[in-house]
Amino acid sequence: MPFKLEPRREPNRTMLYASPVIAVALTALAGLLFFAALGYNGTLAIYDILILPVIDATHWIDLGVKAAPLVTIAIGLAIGFRANVWNIGAEGQYVMGAIAGTGVALHAGGTEGAWALPVMCLAGALGGALWAAIPALLRARLKVSEILTSLMLSYVAIQVLYFLVRGPWRDPEGFNFPQTRSFTDVESMPILIDGTRLHLGIPIAVLIAMAVWVVMSRTLVGFELRVSGLAPNAARYAGFREQRTVWLALLVSGGLAGLAGIFEAAGPFGQITPNFPTGYGFTAIVVAFLGRLNPLGILIGGVVLAVSFVGGELAETSVGLPSAAIGLFQATLLFLLLGVDMLVWYRIRRIAPAIAPSAAPAVVRSAS
Amino acid sequence: MEGIGSAPGETAPRLELRHVGKSFPGVRANDDVSFAVAPGEIHALLGENGAGKSTLMKIVYGVQRADEGAILWEGRSVDITSPKAARKLGIGMVFQHFSLFDALTVYENIAVGMDDPMPRRALEARIEEVLSTYGLPLDITREVHTLSVGERQRIEIVRCLMQQPRLLIMDEPTSVLTPQEVEKLFTTLRQLSAEGVSILYISHKLHEIKALCHSATILRGGRVVGTCDPRVETAKSMAEMMIGGELRTAERRGKAAGGEERLIVEGLSVPGTPPFGIELKAVSFTVHAGEVFGIAGVAGNGQNELTRALAGEVVAPRAEMIRLARRPIGHQGPGERRRAGLCVVPEERNGHAAVPEFTLAENTMLTARYRRPLTRGGFMRLAATRAFAEDVIRRFDVRTTGPEALARSLSGGNLQKFIVGREMLQTPDVLVVSQPTWGVDAGAASAIHQALLDLAANGAAIVVISQDLDELLALASRLVVMNDGRLSQALDVAGVSVKDIGLLMGGVHGGDAPVHPHEVTHAV
């Protein structure tokens, strides 16, 4: 190979910020080729997916509506990812949050009061946190990988939702459709501008981003989480306990995912239907990395993914792109982002040919 | 080049380097390096950490490639493109860090590393032949994790000798050996030299070079700053060539010992972490105010486990096993112990004592927040951490751009000064330091030594865990030897001989029967 990767001594500052931009550009290019190869108008598809939602102001509120849950979930995930706790099951916690909040509304006995929504939101956050507590317990007590348990519990949560909307929680006046009754006004997220879908969850997502930024960069708890992720031995040396970090990271990320879930149920959905699990919990992983695990970066990352969702819907109608193609597009984005990120810490260098890589120390185990 | 001892010849040098240079991003590792090694010559490459010795050897062994200059092998210009090519030429290298599989036997480790595999029976016969020719005691059916470090090194040497090399490169081979093991190694190397094998010996231990080598090339900052015949030089004169200035040795101030008991460890037993962790077995010792207490021993005999147990990263089974003055602290975590006055510096700087990706200011938060007001209401006081880092940098002469520099940007010596300084400025009653000058240049090492002695003179009790005997003999008033998770009786440094310590390091406890029968083989 005439090229090799050489580690940099310091991270490349330019690349640190340029790499998401490069990744988006490369994704556009790759998408163009994919879609063209599938027989669609690739240029128009990319224009509709990436450009149209940004330049056309009529789509901006849609962007906010899509971005809010992504950002809220991704911020929680990023806290965990920073601390080396890999919660991959935000989708399940998101669903459980919606279920818990909805449960409060359905079983509150018809009392209509201003407390309804706050209590639903609290229940949503608790529901998500409790669902995340299962992988936390398994990891902290038995060292079971939270990656697997949290992921698998997502599918359990979705089945629980199917059971509830088809069974005990089915709307008696819903003509046998598998869905809960619609939320009343006091049970719904307030709309900030009449006649639009701009709900309270959107500014709250921004506030959460700012609050978490302060916590991560300025408080001891944030320091603890960062140390745990970067250097577990140093964390132990500093007196931080690994179990506490695991609990903290999973409960907070689960709670935020649950909060996003009830916001979405009590907001744009207005009820729970079998279509409720839309994969926000998984897409938020892409958002978290696109935003460099930084709460403020995640705000931007959330908007970028929202653009691809809103644009994807536009492209579905304009060029007839299947919705699965958007999933492919988003996955390509994550893939390329992680690939381009390599250039932050490494540089590509041409080397003279005919050098075989070092073969001598096959497996290194220092004799410390 | 200088005169050559045992086997000079009129033939071309075995290896000659001409104007070799190599750069890494931001560093000039080697610059215009030229020297030659004759057949049978033991040639020392002498220099501090970061002087460019290891890079140079990696170039010779084909791991790295020189940017400029020429390498001549027996008079012919060669291009060594890979370690395999180097071995083909007849160059063997024993690395400082071994490449062995712990769970495999000696035989299996040698077999997997062969460039040209041979049938088992033939290979076994060949290994036994090499072992007996060079008088290397080694049981090839043993699994590596049951072997001492000296025995592991022998596997690496045997690996090299299997290929009948004509040049053997040894990178800091004695850093992990007991004095007796060093003597044994030297016997083998002298025998090889007498047979005409050239040896490039990399070290910064001057008395060893004086005892073994025929000639020496001294590197500083990547350049050759001198050549000499170590047999006629003094250790001091070579050291001064190496550091390019006068050598300062740390001075003891005040009287050691006699103070009150500060740290009492009694019957501390901690199981080792599987698979290869060392179990601490009834470790007991007492350190007094104003005293430097040394713990010697070959690395991997439980020092890391002891450091972790003292720091509180691993909690003791019973609180009374570790006491600070009269207070049992064995059940406490790192934070409570620090508050009580016990600070610890672990061996590994990167990722244990410091977070490489954090700034120096952030790194003060790791430990100093317990004894310094670096937090308020759960928030970090950024200005206070910066000021504290600034203080450490100034008082301990840390060469860096300031408190906002990333820890990873500092050289090993400077980061170590920062870490030791961070703990010392917390004015601990007891300071435990593991391998305080490991991989640290001579200037920084002497600064750290002086700071430790000063802290002791001010009444702190200090525990220094080190595999460098010279360091312990210079610092400690009493020392114990750690072997296989146990401590020997405490010895007064004043009346102890290096030979006795060496025997203890090999596992022979004060004339008792050896702990494990097999360990006698490498202890004598």
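Keep in mind that this is a model prediction, so the values were computed, not measured.

A. Highlighting the confidence of the model for chain A. Across chain A, the average pLDDT comes to 89, with 93% of residues at or above 70. Across residues 353-368 of chain A the pLDDT falls below 50, and counting only partners more than four positions away or on other chains, this stretch makes 36 contacts in the model.

B. Quick peek at the sheet that holds strand 12 (residues 280-288) of chain B. All names here are of chain B. The four strands are arranged 12-11-14-15 in an open sheet whose pairing can be described as antiparallel. With partners counted over all chains shown, the strands left at the sheet margins are strand 12 and strand 15 (327-328), one partner each. As paired elements, strand 11 (residues 261-270) and strand 14 (residues 322-324) share three bridges and run antiparallel to each other. Bridge pairing in strand 14 links Val265 to Ile322. Packing against the sheet, helix 9 (residues 303-311) makes contact with strand 11, strand 12 and strand 14, and its axis sits at approximately 60 degrees to strand 12.

C. Structural detail: the pairing of strand 4 (residues 68-73) of chain B. Residue and element names in this part refer to chain B. By the bridge criterion, five bridges tie strand 1 (residues 15-24) to strand 4 in an arrangement that is antiparallel. Of the residues in strand 4, the one forming a bridge with Glu16 is Leu72. Across three bridges, the pairing between strand 4 and strand 5 (residues 76-78) is antiparallel. For Leu72, the partnering residue across the bridge sits in strand 5 and is Ser77. Between strand 4 and strand 5, which pair antiparallel and follow one another directly, the connecting turn spans two residues, one of which, Glu74, has a positive phi of 50 degrees.

D. Representation of the nonpolar core in the model. Core analysis: the biggest nonpolar cluster contains 157 residues, and Ile169, Tyr201, Leu452, Ile462 and Val464 of chain B have the highest contact counts within it. With eight residues, helix 14 (residues 442-457) of chain B is the largest single contributor of residues to this core. If we ignore the near neighbours within four places in the chain, the residues touching Leu452 of chain B are Val292, Val433, Pro436, Ile462, Val464 and Leu475 of chain B. Listed in part, the 103 residues of the second largest apolar core include Ala74, Ala125, Ile326 and Leu337 of chain A.

E. Region of the structure containing the domain arrangement of chain B. Residue and element names in this part refer to chain B. Annotation of chain B at the domain level lists domain 1 (15-243) and domain 2 (261-348 + 429-523). When each unit is reduced to the centre of its C-alpha atoms, the spacing between domain 1 and domain 2 is 31 Å. Each partner contributes to the interface: domain 1 provides 17 residues, whereas domain 2 provides 19 residues. Looking at the side of domain 1 that touches domain 2, the elements that each hand over two or more residues are helix 5 (149-161), helix 6 (179-194) and helix 8 (235-243). Among the residues making up the side of domain 1 that touches domain 2, the classes are represented as six nonpolar, seven polar and four charged.

F. Molecular detail of helix 13 (residues 323-345) of chain A. Residue and element names in this part refer to chain A. With 23 residues, helix 13 extends 35 Å between its outermost C-alpha atoms, agreeing within 8% with the 33 Å of an ideal straight helix rising 1.5 Å per residue. Buried within helix 13 we find Ala325, Ile326, Phe329, Gln330, Leu333, Leu336, Leu337 and Val340. Against helix 1 (13-37), helix 2 (42-55), helix 11 (280-290) and helix 12 (295-318) lie the buried residues of helix 13.

G. Molecular detail of the packing of helix 5 (residues 116-142) of chain A against helix 10 (residues 242-269) of chain A. All names here are of chain A. The interhelical angle for the contact between helix 5 and helix 10, taken along N-to-C directions, is 145 degrees, at an axis separation of 6 Å. Of the two elements, helix 5 crosses helix 10, and the hand of that crossing is right-handed. The class makeup of the residues in the contact of helix 5 with helix 10 is 20 nonpolar, nine polar and one charged.

H. Focus on the pairing of strand 19 (residues 430-434) of chain B. Residue and element names in this part refer to chain B. Among the five residues of strand 19, five are classified as buried, and the element is accordingly described as predominantly covered. Of the two faces of strand 19, the one carrying Val430, Val432 and Ser434 and the one carrying Leu431 and Val433 are both buried. With four bridges joining them, strand 16 (residues 342-345) and strand 19 adopt parallel strand pairing. When the bridges of strand 19 are listed, Cys343 appears paired with Leu431. Relative to strand 20 (residues 461-465), strand 19 runs parallel, the two being bridged by five bridges.

Rules used in this analysis
Residues numbered from 1 in each chain as written. Chains lettered and ligands numbered in written order. Predicted model: local features only at pLDDT ≥ 70, side-chain atom pairs only at ≥ 80, totals over all residues. pLDDT = per-residue confidence, 0-100. Contact = placed C-beta atoms within 7 Å. Pairing = 2+ DSSP bridges. Helix = DSSP H or I, 4+ residues; strand = E, 2+ residues; numbered from the N terminus. Axes fitted to C-alpha atoms, helices over the stretch in contact; angles between N-to-C directions. Core = buried A, V, L, I, M, F, W, Y, C linked by C-beta atoms within 7 Å. Buried ≥ 20, exposed ≤ 12 C-beta atoms within 10 Å, placed from the backbone. Domains from an automatic or database assignment. Nonpolar A, V, L, I, M, F, W, Y, C, P; charged D, E, K, R; others polar. Expected span 1.5 Å × (residues − 1). Left-handed = near helix turned anticlockwise from the far one by under 90°.

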